[in-house]
Amino acid sequence: MGLILAILVQGIQMVLVLALAPGLIGFTRKVKARLLRRQGPSILQPYRDLLRLVRKEAVLADNASWLFRNAPYLIFATTWVAAALVPTFAAGLHFSWAADLIAITALLGSARFFLALAGMDIGTSFGGIGSSREMLFATLAEPAMIMIVFTVALVAGSTQLSTVAEFMVDHSTLRVSLGLALIGLIIVALTENARVPVDNPATHLELTMVHEAMILEYSGRHLAVIELAAALKLLLYISLIACIFAPWGMARQDDGVLGMLVGVVTWVGKLAIGSFLMVLFETAIAKMRVFRVPEFVGGALMLGLLGTLLLFVSRSF
Amino acid sequence: MERFSLDAAHLLAGGMVLVSFMMLYQNRILGLLNVFAAHAVVLSLSVAWQAYVQSAPHLFVTAAIALILKAIIIPVALHHMVLRLGVHRDIETVGGIGPTMLMGIGLVALSMVVMLPAAAEADPIAREDLALALSVILLGLLIMVTRQNAISQIVGFMSLENGLVLAATGARGMPLVVEISVAFSVLVAFIVIGVFLFRIRERFDTIDTQALDDFREGRE
Amino acid sequence: MRDAENRRAGYVYLLMASFGTLMLLLAFGLLAGPDGDYAFSAIRTAEHVPWLAGLVLVLMLLGAGSKAGLVPLHVWLPLAHPAAPSHVSALMSGVMTKVAVYGFIRVVFDLAGEPAWWWAVLVLILGAGSAVLGVLHAVLQRDLKRLLAYSTVENIGIIFIGLGLGLAFKTNNMAGAAALAVTASIFHAFNHSLFKSLLFFGAGNVLTGSGERDIEKLGGLVHRMPETAYLFLGGCLAISALPPLNGFVSEWLILQAILLSPDLPQWALRFLVPASGAMLALAAALAAACFVRAFGITFLSRPRSPAAETAHEVSRWQIRAMYSLLVVCLIAGVFPGPFLDALSPVSQMLVAGAMPKQPILPHLSIIPISESRSSYSGFLVFFFIMMASWAAIRVIHNFASRAVRRAPPWDCGFPDASPVTQYTADSFAQPIRRVFGPIAFRAKISQTMPQPGDLAPARLTLSLRDLIWELIYTPIESAVLFAAERLNILQFLTIRSYLSLVFAALVLLLVLVATWA
């Protein structure tokens, strides 16, 4: 009985992240539009877009290979699995032992690997430029993420996100190294989600595209699946930041239905606050030149390294 | 509560190191000035927190000096100066940002290695604060070394001085007189350097200190 | 052209191999001591003077390091491995380098007695350096097989990072952590032998099918050689340390070992270990970029030359042999537990500790130290990915649309773009070169722009310098040349002078023997 319940809760988490992800994108677009004093589309617009795309026929380039057709599903699957493994409303879910934070990072790496390959499949210059830049950013963002994981893991004594979240609730302290890790993680999150100082999710100007350039050839259901994966990734990163640095309100393993409900409500609240802050930052800042980005992401790597070094020197940092 | 107050002090000192790194990262002059103002704000917060924790009212004065002088007056004046000198579009890169940041991390590591064993009998939090203050000082020096522009060098110098103040307040008990005299000597230094800057520019049409080197005697 | 290159490869290989063998012989001589008993059991029980044991480590690093391809002794490897036929390259890169790793482990962990902490420093620095420099070279290569050879250098670096960690834990009597590090690095050696062989076979197929190994002239092979493309993609995923394949498991274990090292008492190690962790992560991320480039330029996009256009798939048996390697890669990635258990006697012998027994239930997950610290279940990850993608495909195909229309790709209104307009291997690597080049290769770019109205072409010159070659090998080379020229006169002496030389040498040796006692 307990096992079935545990699997059920895990299933709810999987469905919930999938259901909320487009809404999160809609919310960020709405807030951004309001901050620019525009009315903006409805929060539900991404759901309608996805439905519309899914129903359309997929237009493939003449020389598209099997990789091009299968990559969207693999990208979506790896991102979804990663997002399902991050504790959102409850810690200690049944399958949370399947992968720790390093594995989640690597899962996102797999998604990126396929996305970059898909961008190169058709053989237009756009795809190539997007893949090449994406891999450049990844070469710095991934080690930065690993160093941030090190920092967090050294404080909490575990790379397992559920354990980390419970540790942070029980021993909430101000730590220099955690501060460094938080800033680093925000930089990584902005880079990985192709948000403004790094990439502009709304642009289709050739020379500035990174993420959009890779998926330029996609259409119909393939595009829908990739867009959904991107939304899931944004949700994942905000949940991740919330889970490590603001885990309050999260339900414990043995909490009842009420605890779970409280967890869901606070989690949605955290998502809203997180995305609002992100949009606020985006509206206040201009996009960088591509070759300024390595310095920006490299900064995150340095912060992560610094945090880890401080912790290696003394555990009280 | 005791634990929390120490942690907060720690975090603020760590914040100073972080802002020092941001200064190291920033290669545009106006951005550098803004970050420097943030540096001073964090310093004054840190000093004020120490004042509150140690219940030492004179430290509030130090905090106020830091806030008014270094977070407002000097950055505004420098801002003005930059605009008047017309160097606000200058971008300077000496050796690239990546290696400089790596060097900065090396310096932080060095100060940890030097301070932690040296003050082994002091209580752990205090000596770590001291180590962080030393890092701020070394990073200030690094900023001075890696910049060519005289204004960035001034900023580096003043961030170094911020590190000194941080070390002093952490060590419980730098007399207020010393504090004020240090602050004012910095102000005087600032004015003198400012005057010199204009003179230098009049003479050489640049404030790039590299250019001054070319006029030294004995150079081939 | 190819011949001259091969000759040079052979010459450098010969030199480095004899140098390595010399170092190994000296190391064994020191280990055996004056009694000259070369049996392992005798060496193991003998007392080793600490500084002599340190010397043995240095000699082993030089000897085994040069055979394994550790930076800066790797120079022969990217020359020799691509020069051989592909199946031989696979053996050289996949298996031969591992023999050197085995020799190193056998001597340093088993025979040379208690390690000193500075041994770990040396091994970690060399390992981290090899990992990053190797993969940076690999990212910039145009020759597919040379790219793979440089990536071998990277993986050897990763293995040595693990071994360095193992040494650090062993000197500080942290048996559990040492066991984790050593097991992880041996497991990585095993994994590397699998996927590197697979990749070299794939490169061989490309060479057979198209006659070309310069990736700038390939492209679009996924249509002509679909099976090879599958297999090569599998190898790329494994070597880029992506779950659920095996490369990820071993690198994950090494990262877990790094997380145990704040307890080390030595300051130097406390700074070095996180730094090498960062280098390891950087190398893994760069490897992903490198293999996206290798696969994307070779197999995807449009053919860049007639050779690529007319490429053909290789015979069925060649393909089947490769499938077996891919399947083992997948098994080792999805069910790593039994592999780790199988290594526990080894770590028991080397560092007197073993990883905890890997549980089969409930999730087939692997646990480096304890479940609350970290766990990873390759099986669950694999299962979930498969289920999720299957579900997505089913739902969309059944309830939405499965219609497909073929159309020309988006061309910005300029139809029939030539394949030359595609992103090339060099342009793909350009951003990475621009970011890391100035530090790693002293990269310099200069442009010459003709005056307006001048019809001369504009030129862009890029210079990359191999600093290791310049700083280490060129001075040695000139020193050897200098000495050779000085000694040249010895060739033209009379018989009497030769005899007197021999006589003098004999007397000198006798005097030495007399004074030694």
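In case you missed it, the structure is sitting above this.
Residues numbered from 1 in each chain as written. Chains lettered and ligands numbered in written order. Predicted model: local features only at pLDDT ≥ 70, side-chain atom pairs only at ≥ 80, totals over all residues. Heavy atoms only, no water.

Considering the overall build of chain A
On a plain count of helices and strands, chain A comes out with 11 helices and 1 strand. For chain A, the sequential pattern of α-helices and β-strands runs α-α-β-α-α-α-α-α-α-α-α-α. At 19 Å, chain A has a C-alpha radius of gyration in line with the 20 Å of a compact globule built from 317 residues. Counting only C-alpha atoms, chain A reaches 55 × 45 × 45 Å along its principal axes. (Helix = DSSP H or I, 4+ residues; strand = E, 2+ residues; numbered from the N terminus. Rg over C-alpha atoms; globule rule 2.2 N^0.38 Å.)

Description of the overall build of chain B
Secondary structure assignment for chain B yields 8 helices and 0 strands. When the elements of chain B are put in sequence order from the N terminus, they spell out α-α-α-α-α-α-α-α. Across the 220 residues of chain B, 51% fall into the buried class. Within chain B, counting contacts between residues at least 6 apart in sequence, those at least 24 apart form 74% of the total. If you sum the accessible surface of chain B, you get close to 10,300 Å²; carbon and sulfur atoms cover 67% of it. (Buried < 20%, exposed > 50% of the residue type's maximum accessible area, 1.4 Å probe, protein only. Contact = heavy atoms within 4.5 Å. Areas by Shrake-Rupley, 256 points an atom, 1.4 Å probe, with all protein chains shown as cover.)

Looking at the packing of aromatic side chains
Residues and elements named next belong to chain C. Tallying each qualifying case throughout the model produces 22 aromatic pairs over all chains. Aromatic pair Tyr13 and Trp76: ring centres 4.9 Å apart, planes at 15 degrees, arrangement stacked. Of this pair, Tyr13 sits in helix α1 (residues 2–32) while Trp76 sits in the loop between α3 (50–68) and α4 (77–83), placing them 63 residues apart in sequence. Taking the relative accessible area as the measure of exposure, Trp76 reaches 3% and is therefore buried. (Phe/Tyr/Trp six-rings, centres within 6.5 Å; stacked < 30°, edge-to-face > 60°.)

Considerations on the interface of chain A and chain C
Counting residues at the interface gives 79 residues for chain A, matched by 84 residues for chain C. Together chain A and chain C conceal approximately 7,100 Å² of surface at their shared face, both sides included; 73% is due to carbon and sulfur atoms. It is Trp66, Phe113 and Phe312 of chain A in chain A that bury the most area against chain C; as a group they hold 11% of the surface buried on that side. At the boundary of chain A with chain C, the tally comes to 1 salt bridge. One salt bridge in this structure joins Arg405 of chain C and Glu57 of chain A, with 2.6 Å as the shortest N-O distance. At the junction of chain A with chain C, the criterion picks out 28 residue pairs in polar contact (both at pLDDT 80 or more). Mapped by element, the contributors of at least two residues to the side of chain A that touches chain C are α2 (45–55), β1 (58–61), α3 (66–85), α4 (101–121), α5 (125–156), α9 (220–245) and α11 (293–313) of chain A. The biggest single contributor to the side of chain A that touches chain C is α5 of chain A, with 18 residues. Split by residue class, the side of chain A that touches chain C holds 48 nonpolar, 19 polar and 12 charged. Bridging between β1 of chain A and strand β1 (residues 404–407) of chain C involves 4 bridges; their strand directions are parallel. Residue pairing for β1 of chain C: Ala58 of chain A is matched across the bridge by Val404 of chain C. (Buried area = accessible area lost by both parts, 1.4 Å probe. Salt bridge = Lys/Arg side-chain N within 4 Å of Asp/Glu carboxyl O. Polar contact = N/O pair within 3.5 Å; in protein donor to acceptor, adjacent residues only side chain to side chain. Nonpolar A, V, L, I, M, F, W, Y, C, P; charged D, E, K, R; others polar. Pairing = 2+ DSSP bridges.)

Concerning helix α17 (residues 378–399) of chain C
Here α17 of chain C is 22 residues long and its end C-alpha atoms lie 31 Å apart, about the 32 Å a rise of 1.5 Å per residue gives. Along α17 of chain C, the positions that sit buried rather than exposed are Gly378, Leu380, Val381, Phe384, Ile385, Ala388, Ser389, Ala392, Ile396 and His397 of chain C. Here the buried face of α17 of chain C lies against α2, α3, α4 and α9 of chain A together with α14 (316–334) of chain C. (Expected span 1.5 Å × (residues − 1).)

A short note on the interface of chain A and chain B
With 21 residues of chain A at the interface, the matching set in chain B holds 22 residues. Carbon and sulfur atoms make up 77% of the area that chain A and chain B hide from each other, which totals about 1,900 Å². Ranking the residues of chain A by area buried against chain B places Leu174, Arg292 and Met302 of chain A at the top, with a combined share of 31%. One can count 0 salt bridges joining chain A with chain B. Here chain A and chain B share 0 residue pairs in polar contact (both at pLDDT 80 or more) between them. At the level of secondary structure, the elements contributing two or more residues to the side of chain A that touches chain B comprise α7 (176–192) and α11 of chain A. Split into classes, the residues belonging to the side of chain A that touches chain B amount to 14 nonpolar, 4 polar and 3 charged.

Considerations on the packing of α5 of chain A against helix α6 (residues 161–170) of chain A
Residue and element names in this part refer to chain A. The interhelical angle for the contact between α5 and α6, taken along N-to-C directions, is 60 degrees, at an axis separation of 10 Å. Classed by the angle they form, the pair α5 and α6 counts as oblique. Classified by chirality, the crossing of α6 by α5 is left-handed. Between α5 and α6, the residues in contact are Val152, Val155 and Ala156 and Val164, Phe167 and Met168, respectively. Residues that form the contact of α5 with α6 fall into these classes: 6 nonpolar, no polar and no charged. (Axes fitted to C-alpha atoms, helices over the stretch in contact; angles between N-to-C directions. Parallel < 35°, antiparallel > 145°, perpendicular 65-115°, else oblique. Left-handed = near helix turned anticlockwise from the far one by under 90°.)

Here we look at the environment of Trp469 of chain C
All names here are of chain C. Positionally, Trp469 belongs in helix α19 (residues 467–487). The class for Trp469 is partly exposed, based on a relative accessible area of 25%. Sequence separation between Trp469 and Phe339 is 130 residues; the distance between their C-alpha atoms is 39 Å. Sequence-distant contacts of Trp469, that is, excluding residues within four places in its chain, are made with Arg8, Val75 and Thr474.

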